[in-house]
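Report on the structure
Each chain, letter by letter, is given below.
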Amino acid sequence: MRAVWSQSALRAYDVRGRYPHEVNEFLAERVGLALSKLGASAAYVGRDCRFSSPSLSRALARGLASGGADVCDLGEVPNPLCYYMCFRDGVSGVYVTASHNPPEYNGFKFIRGDGTSMLEEYEELKRLLRGELSGGSSGGGAVAPKEALEPYLEGLSRAVADAEGVEVVAETFGGVVNRVLPRVAEEFGLKLRLLRPRVRGDFYGFRPEPSPENLQQLSEEVVRRGADLGVAFDGDADRAVIVDGEGRVLDGSRTGYLLLSSLARRGDVVVLTPDTSSTLAKLAEDMGVRVAWSRIGHAFIEREVRRRGATLGIEQSSHFYHGYLYPFSDGILTMLRVCEIAKSCGISELLRRVRFPPMAKFYVDVGSDDAKRRVVRSVALAIPEAVRLEDGVKVVSERGWVLIRESQTMPEVNVCIEAPTEGELSALRSELAEAIEKLKGSPSVGERVREILKRAGFLQG
C-alpha cells in the first residue's frame, strides 16, 4: 500500500485526485480512521464503478472498523442510493467516487445522517488527515453488506405518481447507474433504451460528464426513435441532463423551470446558484416563489435547501435538489419527475412558453490548482466593479453576465456566460477560453479578460 498521498486531493467539500498518486488505499484507510475519531460509530459506504473503487472502498471500511465503527457496505450503487440510506436511517456515510472527473481520478464524498454533505466536519477531517493519525482499536468494528435499492425505490414511490409508458433513451457512459436503471424502469413502467448498457470502469473512454459535446448520439437517438425524452447521467448519477423530444439538450435553468412549474407553489422557497439564468429567478418570483441564493457546489446547496426548507435547489450544471423529499441531488429522481411532466403536458410545450437568453458553461484546463487561483485573482483585481463570490467573480450588465470561478474538483477555471444572442455568446466564449488558456500563468490575464468584456459591452469605461 502506497504510504504517500497528496494534500491537493483535499478539496472544498470532498476528496478528489488522481489514483494512485494523489488518492490511494493508504489515504482511504486514514480517512476511515479519521472519521471514527470524529465520532462515527456506524457508517454506510457505497462506491461507483471506477476500477480503483473496490479497493479504495475496502480500505476505507478497514479504517472505519479499526476505529471502532460498524460499517454497512452498500456495494456498487449510484450516489443517490448511498445518500438516501444515510438520510433514511440517520447514519453518516462515505461514497467512493470522482463523479464527472476522468476515470483515472477517484475520491470520497462525506454524508451526514440528515442527507447533506459534511462541511464543518470536513474541515476537522482535513485537519486530522494533515496531522499525525494513530491507529484505532484493531478490528473494533464490523463490516457487513446491506441492501439499498429496494428501500430507495420505496422512497421514490412516495414522490412519483405516474410516469408509466414514457419512452426514455439514457446515456450513462457505462456508469454505475446501469446497475439500477432497468429495475427503476420496471418499477415505474418506463420504456427504457440504454445507449451503453454495460458497466465499465473506463466509461467507454469518455469523461463521464453530460456536456452537450458528449450528447450528440443521445440527441440523435431520441429523435430517431421518437422518444419522449433523453437523459444523461454523470459518473455517480447525482446529476441528470435532459434532452427533449426534439433532440435539444436542456441546460440546468431550462430543466429547473420544468421542475419549478410542476412542483413549486406560491410561498415556497427555491435555492438558485449564481450560474443559473436570470430568467429563471424572474419566473420563480412571478410565481410567488421566494428565491434564495447559494454558493455553487452540492454541499453548499444542500445546506441551503435544508436550512430554508426549500422545495427545490437548482444548479446550472443540472444538479437538482428535491427538497420536498430530501435535500441531496438525485439524477434518477430528476429523470422520473421529468418523465411525469412529459406524460402530462410535454416538455417542449412547456418550454415554448418562455424565452431564455443564450447561455454557455465551459471549463478551461489551466494545468494546476495554483494556476486557476491566479487566473481568478487576476480577473478580480482587473475588474474591481465585478460582484465578488466565495470562489470567483461575476460581471453583470444590462446585456447579460459573465461568471469566472475556480473549479472545486479539477485544475480548471469554470466560465459561465449569459449573452443577448447566440452569435455574441459564441464569440465571447471563444475569446475568453483562448485568453485564459494562453495567459493562465500571467498576471495580465485579468486585463485581457477586461478588454474582451469591455469590447463586448459588458463593462463600461
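Right, let's walk through the structure included here. (Residues numbered from 1 in each chain as written. Predicted model: local features only at pLDDT ≥ 70, side-chain atom pairs only at ≥ 80, totals over all residues. Heavy atoms only, no water.)

**With respect to the nonpolar core**
The biggest cluster of nonpolar side chains holds 81 residues, and the ones touching the most others in it are Leu190, Leu229, Phe233, Ile332, Met335 and Ile347. It is helix H11 (residues 331–344) that contributes the most residues to this core, 8 residues altogether. For Leu190, the residues in contact, after removing those within four places along its chain, are Ala163, Val166, Val168, Ala185, Met335, Leu336 and Cys339. Membership of the second largest hydrophobic core comes to 31 residues, among which are Val366, Ala382, Ala435 and Ile452. (Core = buried A, V, L, I, M, F, W, Y, C linked by side-chain atoms within 4.5 Å. Buried < 20%, exposed > 50% of the residue type's maximum accessible area, 1.4 Å probe, protein only. Helix = DSSP H or I, 4+ residues; strand = E, 2+ residues; numbered from the N terminus. Contact = heavy atoms within 4.5 Å.)

**Examining the pairing of strand S2 (residues 42–47)**
Across the 6 residues that make up S2, a large majority, 5, are buried. Direction of pairing for S2 relative to strand S3 (residues 70–76): parallel, over a ladder of 6 bridges. If you follow Val45 over to S3, its bridge partner there is Asp73. Since S2 and S3 lie parallel, the crossover through helix H2 (residues 53–66) that links them has a hand, and here it is right-handed. (Pairing = 2+ DSSP bridges. Right-handed = clockwise from strand over helix to strand, strands pointing away.)

**Describing the pattern of salt bridges**
Pairs can form between side chains of opposite charge once their charged atoms are near each other. Tallied over the entire structure, the rule returns 45 salt bridges. Here Lys282 and Asp286 are joined by a salt bridge, their closest N and O atoms 3.1 Å apart. Taken as a pair, Lys282 and Asp286 lie in helix H9 (residues 278–286) at a separation of 4 residues, close to a single helical turn. In this structure, Asp370 engages Arg373 in a salt bridge whose closest nitrogen and oxygen atoms are separated by 2.9 Å. Of this pair, Asp370 and Arg373 both sit in helix H13 (residues 369–382), 3 residues apart, which is roughly one turn of the helix. Within the structure, one salt-bridge network assembled from shared partners comprises Glu167, Arg193, Glu221, Arg224 and Arg225. (Salt bridge = Lys/Arg side-chain N within 4 Å of Asp/Glu carboxyl O.)

**With respect to the sheet that holds strand S7 (residues 167–171)**
Pairing in this open sheet of 4 strands is mixed, and the strands run S8-S7-S9-S10 from one edge to the other. The strands lining the two open edges of the sheet, one partner per strand, are strand S8 (191–194) and strand S10 (240–243). In this sheet, adjacent strand axes meet at a mean angle of 25° when their direction is disregarded. Relative to S10, strand S9 (residues 229–233) runs antiparallel, the two being bridged by 4 bridges. Each residue of the ladder has a partner; that of Val231, found in S10, is Ile242. Packed onto the sheet, helix H7 (residues 216–225) meets S7, S8, S9 and S10 and runs at close to 160° relative to S7. Set on the sheet, H11 makes contact with S7, S9 and S10; between it and S9 the angle comes to about 170°. (Axes fitted to C-alpha atoms, helices over the stretch in contact; angles between N-to-C directions.)

**Concerning the packing of aromatic side chains**
Under the criterion given, the structure shown has 11 aromatic pairs. Between the aromatic rings of Tyr257 and Phe356, the centroid separation amounts to 6.3 Å while the plane-to-plane angle is 65°, which identifies the pairing as edge-to-face. Of this pair, Tyr257 sits in helix H8 (residues 252–263) while Phe356 sits in the loop between helix H12 (347–351) and strand S15 (359–365), placing them 99 residues apart in sequence. An identical accessibility class is assigned to Tyr257 and Phe356; each is buried. The structure contains a cluster of three or more aromatic residues connected by ring pairs, namely Tyr83, Tyr84, Phe87, Tyr152, Tyr326 and Phe328. One residue, Arg207, lies across the ring of Tyr363, its end atom 5.8 Å from the ring centre. (Phe/Tyr/Trp six-rings, centres within 6.5 Å; stacked < 30°, edge-to-face > 60°. Lys NZ or Arg CZ within 6 Å of the ring centre and 35° of its normal.)

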